[in-house]
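# Summary of the model geometry
If you want the building blocks of each chain, they are given just below.
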Amino acid sequence: MVKEDHDCVSPPNRGKKLAMRTGAAFALASVLALTACGGGNDFGPAGGSGAATSSESALSSLPADAQTAYENADALIGTTPYGEGWQPKGPAPWTIGYTSPYAGNSWQTTAMDHLMNDVVPRYQKAGLIKEVIVAQSGGDDTVQNQQIRQLVDQGVDILIACCSAKTALNQSIEYAHEKGVPFVAWSGHVDSPYAVSAVTNYRQAGSVFAKSVFDKIGGKGNVLDVQGVPGATNAIDFEAGVQDALKEYPDIKLVGSVNGMWSAPVTKTEVQKFLATHPGQLDGIVAQPASATGALQALQQSGRPVVPINIGGETGAACYWVNHPEFADTGYNIWPPKGEMELGIETAVRILQQQGPKIQSIVLSVSPISYDEAKEALGSNCDPNADGWLEPKGGWLTGTKLDAFFEKPSDPFTWKKP
């Protein structure tokens, strides 16, 4: 059962910001250098020797191939309070509180449909989940903080949230921790020592997406930047990656930016406005996922030439690519809605099963989409205006792929209580 709760009320967050964030690195020597200046945490003063040891230990506990995903990732890499000795408030089946900052686009619709019609029934059948209570905050941090506290007071066993602001929820996350309720952030990390984040390296993604367009137009030209939801951590990190890429391409000129709000219809409108007021040459568009289809539609309906746009998993733009192979060289997945929802729920359940997360942020790299994979998934008779999503052919970071991030890994569905 999934319930929606729109009436949550409690004291608002006061915006406390922790000074324990770090850009992670490949090598442990780099981790030590970063943490000595404030990275990681050991639940004591940020930046002390304990913090460095915590980050070094947490990252080094992962396999070498998993560590590579952390390069330049803006996410906490210390140990968590949910390791050895931590216990959930009660036994399974558990109640999960899902605090969602916004709704209304195809990504959220797909994720919620998957949650209600696939994920929850499977976990209920296994006796692991009792229900998921959903609270929508409409993008208001104060409301989301209120909802977090109310969900805790209602007795949920764990909280999950997607696409949140980096620090705005910190005091409410700490409140939940004090009440024995862990917090799992997915599709966007939070900077709280009491949370576990499960995310793609969005800064890497922004750089990779931008370079795919810059290279396609020969390394020079005028580019429009379509950004995401203002204030969302993954949108901010993605944009930082775009800026990283721009530093390597001096002949690329960013001629404007618009907020697509991760929505094809919103992106279409905003790009059309930009095109109407900027009649000059446009050579390419860098778009955060959920925006490529809308940007493509805006070009077509304005009568402007179709220029290269990165492929980010949206089926509409990917369909255009299938029928116009020259449109892009490679596509990428960074937040497939079904895969991301699976990751958030499985991470939460594994914590409740006392599997013990090794590190505060579970980070994965960008997942490429080949032309052949897109064609196989969509076929040549696909709809270029579709507002759906491709999912990675080999699955997202779930099942045995997630084992490396836990001290006592086990398939959640065959897990035995300790």
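What counts and how
- Residues numbered from 1 in each chain as written.
- Predicted model: local features only at pLDDT ≥ 70, side-chain atom pairs only at ≥ 80, totals over all residues.
- Heavy atoms only, no water.
- Helix = DSSP H or I, 4+ residues; strand = E, 2+ residues; numbered from the N terminus.
- Areas by Shrake-Rupley, 256 points an atom, 1.4 Å probe, with all protein chains shown as cover.
- Salt bridge = Lys/Arg side-chain N within 4 Å of Asp/Glu carboxyl O.
- Buried < 20%, exposed > 50% of the residue type's maximum accessible area, 1.4 Å probe, protein only.
- Axes fitted to C-alpha atoms, helices over the stretch in contact; angles between N-to-C directions.
- Parallel < 35°, antiparallel > 145°, perpendicular 65-115°, else oblique.
- Contact = heavy atoms within 4.5 Å.
- Nonpolar A, V, L, I, M, F, W, Y, C, P; charged D, E, K, R; others polar.
- Pairing = 2+ DSSP bridges.
- Lys, Arg positive; Asp, Glu negative; His and termini not counted.
- Polar contact = N/O pair within 3.5 Å; in protein donor to acceptor, adjacent residues only side chain to side chain.
- pLDDT = per-residue confidence, 0-100.

## Looking at the overall build of the protein chain
Looking only at helices and strands, the protein chain has 13 helices and 12 strands in total. Here the protein chain has roughly 15,800 Å² of accessible surface; of this, 50% comes from carbon and sulfur atoms.

## A few points about the pattern of salt bridges
For side chains of opposite charge, pairing can occur when their charged atoms come near one another. Tallied over the entire structure, the rule returns 11 salt bridges. For Lys166, the salt bridge identified is with Asp74, shortest N-O distance 2.5 Å. Highlighted residues: Lys166 in the loop between β4 (158–162) and α6 (170–178) and Asp74 in the loop between α3 (64–67) and β2 (94–100), separated in sequence by 92 residues. Accessibility classification places Lys166 together with Asp74 in one group, the buried group. The shortest N-O distance in the salt bridge between Arg350 and Glu346 comes to 2.9 Å. Taken together, the residues Arg350 and Glu346, both in helix α12 (residues 337–352) and four residues apart, mark about one turn of the helix. What makes Arg350 buried here is its relative accessible area of 0%. The exposure class of Glu346 is buried, given its relative accessible area of 5%. Residues joined by salt bridges that share partners form a network here, namely Asp118, Arg122 and Glu342.

## Describing the packing of helix α11 (residues 315–323) against helix α13 (residues 371–378)
Running from N to C, α11 and α13 cross one another at 110°; their axes reach a closest spacing of 9 Å. On the basis of their axis angle, the class for α11 and α13 is roughly perpendicular. Touching Thr315, Ala318, Cys319, Trp321 and Val322 of α11 are Tyr371, Ala374, Lys375 and Leu378, all from α13. Its residues assigned to classes, the contact of α11 with α13 comprises seven nonpolar, one polar and one charged.

## Some details on the sheet that holds strand β7 (residues 221–227)
The strand order across the open sheet built from three strands is β8-β7-β9, with neighbouring strands paired in parallel fashion. Edge strands, defined here as strands with exactly one partner in the open sheet, are β8 (252–259) and β9 (284–287). Strand-to-strand twist across the sheet, computed as the mean angle between neighbouring axes with direction ignored, equals 25°. Bridging between β7 and β9 involves four bridges; their strand directions are parallel. By the bridge assignment, Val223 is partnered in β9 with Gly284. In this fold helix α7 (residues 202–216) packs onto β7, β8 and β9, with an angle of close to 170° to the strand it touches most, β9.

## Here's the deal with the packing of helix α5 (residues 141–154) against α6
Put simply, α5 and α6 touch, their axes get as near as 9 Å, and they point 5° apart. In terms of orientation, α5 and α6 fall into the roughly parallel class. When α5 is examined against α6, the residues Asn145, Ile148, Arg149, Val152 and Asp153 are found in contact with a partner set consisting of Gln171, Ser172, Tyr175 and Ala176. The residue makeup of the contact of α5 with α6, split by class, is four nonpolar, three polar and two charged.

## Focus: the side chain of Glu314
Within the secondary structure layout, Glu314 lies in the loop between α10 (292–302) and α11. Of the side chains bearing the opposite charge, Lys268 lies closest to the buried Glu314, which forms no salt bridge; the N-O distance is 15 Å. One polar contact links the side chain of Glu314 to the main-chain amide nitrogen of Ser291, over a distance of 2.9 Å. Sequence-distant contacts of Glu314, that is, excluding residues within four places in its chain, are made with Gln288, Pro289, Ala290, Ser291, Ala292, Thr293, Gly388 and Trp389.

## Some remarks on the environment of Thr233
Take Thr233: it is sitting in helix α8 (residues 233–247). Exposure remark for Thr233: the relative accessible area of 1% places this residue in the buried category. C-alpha separation for the pair Thr233 and His189, spaced 44 residues apart in sequence, amounts to 6.4 Å. At 3.1 Å, the side chain of Thr233 forms a polar contact with the backbone oxygen of His189.

## Some remarks on the confidence of the model for the protein chain
The pLDDT averaged across the protein chain works out to 87; a share of 87% of its residues lies at or above 70. Predicted confidence is poor over residues 2–52, with pLDDT under 50, and the contacts of this stretch with residues over four places away or in other chains come to 130 contacts.

## Section: unusual backbone geometry
Along the chain, Ala92 connects to Pro93 via a cis peptide bond; the corresponding omega equals 5°. Turning to its location among the elements, Pro93 is positioned in the loop between α3 and β2. Backbone geometry at Cys163 places phi at a positive 60°, although glycine is not the residue there. Relative to the elements of secondary structure, Cys163 occurs in the loop between β4 and α6. The backbone of Ala290 sits at a positive phi, close to 85°, despite the residue not being glycine.

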